[in-house]
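Below, each chain spelled out in residue letters.
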Amino acid sequence: MRTSRWAWALTGLLAGLSGLATSYLASTWLNLRGNPVTQVAELVIRLTPGKVAESAIQAVGHKDKPLLVTGVLVALLLIFAGIGQVTRRSTDRGVGLFIVLGVVGLIAQQSQYEAPVAGILPVVAGVVVWALVLSLLAGQLRVRPFVESDNGRRYVLSAGAVGVGSLVLGLLGWKVGGRLRAVDQARSALKLTGVTSPTAPAGSSVGLAGIAPWQTSSRHFYRIDTTLSPPAIAPKDWSLRIHGMVDHPVTLTYDDLLARERTEAWVTLNCVSNTVGGPLISNAWWSGVRLDDLLKEVGVHAGADAVKQTSDDGWTCGTPLSALTDGRDAMLALAMNGEPLPIEHGFPVRTVVPGLYGYVSACKWVRDIEVTTFDSFTAYWTSRGWSEKGPVKLASRIDVVGDGGDIKAGSVKAGGLAWQQDVGISAVQVQLDGTGWQPATLAKKNLKDAWLQWEATLDVSPGHHLLRVRAVSDDGEVQTSVQAAPAPNGASGWHTVSFSAS
Ligand SMILES: Nc1nc2c(c(=O)[nH]1)N[C@H]1C(S)=C(S)[C@@H](COP(=O)(O)O)O[C@H]1N2
Ligand SMILES: [Mo]
């Protein structure tokens, strides 16, 4: 007697659920936002034409997202059952279909904005479990005789175990995910006194479309870290130890920081691994507590020249003590762009130091500050060949005209950004086709710790052209033409774009 269609549908369903539950648990374990089902739902949203989405939202109102997620889940269950039917004829084909489904999941996950690479893991784990469980159950379902035999009983036992196992994994995922949900909730509930909303300073923009906006939204702020999953730390569980070569070591809680005076500043952060003209630079409005005040209170010993910062996930950086005490706006930041720090950018507390690359200063999820000497430790990136000190290099960038652009000849506006935080920019110059330097117009508001917009009007003839930019700092330094790769202490050279005009 042949086993029924229902048994094969059930087999597909159970295999499907077990992989889904595994994937869900892996996502929550890694503190990743979303899970395979919500990610596919979001892919559907991204792929839905605007008009269709609008009428759908009009039809179902604000319940559109829960409905969509439910819809995706139901569709998946039907697909799982269908895969079971296909497996009746060939297990390989069933496994193949699960792999196809996995690829869809992978596309859904990786096509998210700034998708974490770690997001691949839950998808792969899910597909592996799909293949294993499907092969196991299908194998048992095929053994003859089946009905009222030990073989049948064996299948029922396995199927039951898979069902219960999936449920347990799913519940565990929900429990593990509770950590991130709780931190998200605690973060949303925070009301930070003394934190103001950012308003771009008057005159900070030259008003040329195509230049990166003065303020980078937190969502579009570049992100660099070594963690597979960002630490999820509730403010009540956070503390910071300041110790080492000091008279009075302290341990500060989040409330201790809240009780202190707030400092706020526009600070542009950039990554040492940014290439000339590259995107690893962003500008935000930071609110926090000044580090020079804190270091004064703990009483730093003579002879100390470094601060070793350690994050919750064990990453370390070495910051010159002088950069934290020379009066610049070095701070323990609590807020970014007027909101508590996003978890990915260091919630609840991170360090921001104008004028230093992130890898030597901008410790996210900071938990430990040890006043010490550079001689006595080697920080994370220093032990991997990057320079011990990382002052930001004088640099500039062309945002318009775009590289490879095709524009109309005549009077053409070009523009972009220049920066050397903690020093400041005094001039920007552009050069068309290697002949002479022409001064650019700078934005009226010039803050030394933030990037500065510039624009220039070029007289462009038809044909192919090269445009270069260089900046002059407030120290009188002229940006070098010498090209250097990012390693070991930051890229240099003039940003150059080529374009044609007709
Ligand atoms: N805990 C932790 N902090 C870190 C890093 C990290 O890997 N772990 N990377 C640093 C580097 S190299 C940079 S450029 C900045 C980037 O900060 P952002 O992700 O908020 O832009 O964070 C710094 N702080
Ligand atoms: Mo960096």
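Residues numbered from 1 in each chain as written. Chains lettered and ligands numbered in written order. Predicted model: local features only at pLDDT ≥ 70, side-chain atom pairs only at ≥ 80, totals over all residues. Heavy atoms only, no water.

Draft legend 1. Spotlight on the site of ligand 1. Residues in contact with ligand 1 amount to 19 residues; listed here are only the nearest, Tyr222, Thr226, His345, Ala362 and Lys364. Residue His345 places a side-chain N or O atom 2.7 Å away from an oxygen atom belonging to ligand 1. Contact with the protein chains covers 99% of the free accessible surface of ligand 1, which is 530 Å². Tallied by class, residues from the shell around ligand 1 come to 10 nonpolar, four polar and five charged. (Near = heavy atom within 4 Å. Polar contact = N/O pair within 3.5 Å; in protein donor to acceptor, adjacent residues only side chain to side chain. Areas by Shrake-Rupley, 256 points an atom, 1.4 Å probe, with all protein chains shown as cover. Nonpolar A, V, L, I, M, F, W, Y, C, P; charged D, E, K, R; others polar.)

Draft legend 2. Structural detail: the side chain of Ser387. Positionally, Ser387 belongs in the loop between strand E10 (366-372) and strand E11 (395-400). Look past the residues within four positions of Ser387 in its chain and what remains in contact with it is Tyr359, Val360, Thr382, Pro488 and Asn489. (Helix = DSSP H or I, 4+ residues; strand = E, 2+ residues; numbered from the N terminus. Contact = heavy atoms within 4.5 Å.)

Draft legend 3. Quick peek at the pattern of salt bridges. One pass over the full model with this rule turns up 15 salt bridges. Across the salt bridge formed by Asp422 and Arg328, the nearest N and O atoms sit 3.2 Å from each other. Taken together, the residues Asp422 in the loop between strand E13 (410-419) and strand E14 (425-432) and Arg328 in the loop between helix H10 (321-325) and strand E7 (331-336) connect sequence positions 94 residues apart. Among the residues examined, Asp422 registers a relative accessible area of 23% and is labelled partly exposed. With a shortest N-O distance of 3.9 Å, Asp449 and Lys448 are connected by a salt bridge. Among the ionic contacts, a cluster of salt bridges with common partners joins Asp326, Arg328, Asp422, Lys448 and Asp449. (Salt bridge = Lys/Arg side-chain N within 4 Å of Asp/Glu carboxyl O. Buried < 20%, exposed > 50% of the residue type's maximum accessible area, 1.4 Å probe, protein only.)

Draft legend 4. Broad picture of the nonpolar core. Of all hydrophobic cores here, the largest spans 98 residues; its most connected members are Trp286, Leu332, Trp454 and Leu467. Per-element tally for this core: the top contributor is E7, with six residues. Not counting the four nearest positions on each side in its chain, Leu332 is found in contact with Leu240, Leu257, Ser287, Gly288, Val289, Leu291, Leu294, Val349, Arg350, Thr351, Val366 and Ile369. Counting residues in each nonpolar core, the second largest holds 25 residues, with Ala7, Val37, Leu101 and Ala159 among its members. (Core = buried A, V, L, I, M, F, W, Y, C linked by side-chain atoms within 4.5 Å.)

Draft legend 5. View of the sheet that holds strand E5 (residues 306-311). Strand order across the open sheet formed by five strands is E2-E1-E10-E5-E6, with mixed pairing between neighbours. On the outer flanks of this sheet lie strand E2 (250-253) and strand E6 (316-320), each paired with one strand and no other. Strand-to-strand twist of the sheet, defined as the mean angle between neighbouring strand axes without regard to direction, takes the value 20°. Sheet analysis places E5 next to E6, joined by five bridges and oriented antiparallel. Looking across to E6, one finds that Ala306 is bridged to Pro320. (Pairing = 2+ DSSP bridges. Axes fitted to C-alpha atoms, helices over the stretch in contact; angles between N-to-C directions.)

Draft legend 6. Quick peek at the pairing of E7. For E7, the tally of buried residues reaches six of six residues, placing the bulk of the element in the interior. Note that strand E4 (residues 281-290) and E7 share five bridges and pair antiparallel. By the bridge assignment for E7, Arg290 is matched with Met331. Two strands pair when backbone bridges link them, and E7 and strand E9 (residues 350-352) are joined in this way by three bridges, in the antiparallel orientation. If you follow Met331 over to E9, its bridge partner there is Val352.

Draft legend 7. View of the sheet that holds E13. Taking strand neighbours across the sheet as the criterion, the four strands line up as E11-E13-E17-E16 in an open arrangement whose pairing is antiparallel. At either margin of the open sheet sits one strand with a lone partner, and together these are E11 and strand E16 (441-442). Judged from the five bridges that link them, E11 and E13 form a sheet pairing that is antiparallel. Bridging from a neighbouring strand, Val400 pairs with Gly415 of E13.

Draft legend 8. Structural detail: a nonpolar patch on the surface. On the surface, Leu17, Leu73 and Leu77 cluster together into a nonpolar patch covering about 200 Å² of accessible area. Following the sequence through the fold, Leu17 ends up in helix H1 (residues 5-29). On the basis of relative accessibility, which here comes to 34%, the residue Leu17 falls in the partly exposed class. (Patch = residues over 30% accessible without salt bridge, like charges linked within 9 Å, V, L, I, M, F, W, Y side chains within 5 Å.)

Draft legend 9. Unusual backbone geometry, seen in detail. Between Arg144 and Pro145 the backbone carries a cis peptide bond, its omega angle lying at -10°. Looking at where Pro145 falls in the secondary structure, it is placed in the loop between helix H6 (120-142) and helix H7 (150-189). The amide bond that connects Val400 to the next residue, Val401, takes the cis arrangement and shows omega of 5°. Among the secondary structure elements, Val401 is positioned in the loop between E11 and strand E12 (406-407). Positive phi outside glycine occurs at Trp365, with the angle close to 50°. Along the chain, the position of Trp365 falls in the loop between E9 and E10. On the basis of relative accessible area, Trp365 is assigned to the buried category, the value being 2%. Positive phi outside glycine occurs at Asp422, with the angle close to 75°.

Nothing here speaks to function; it is all geometry.
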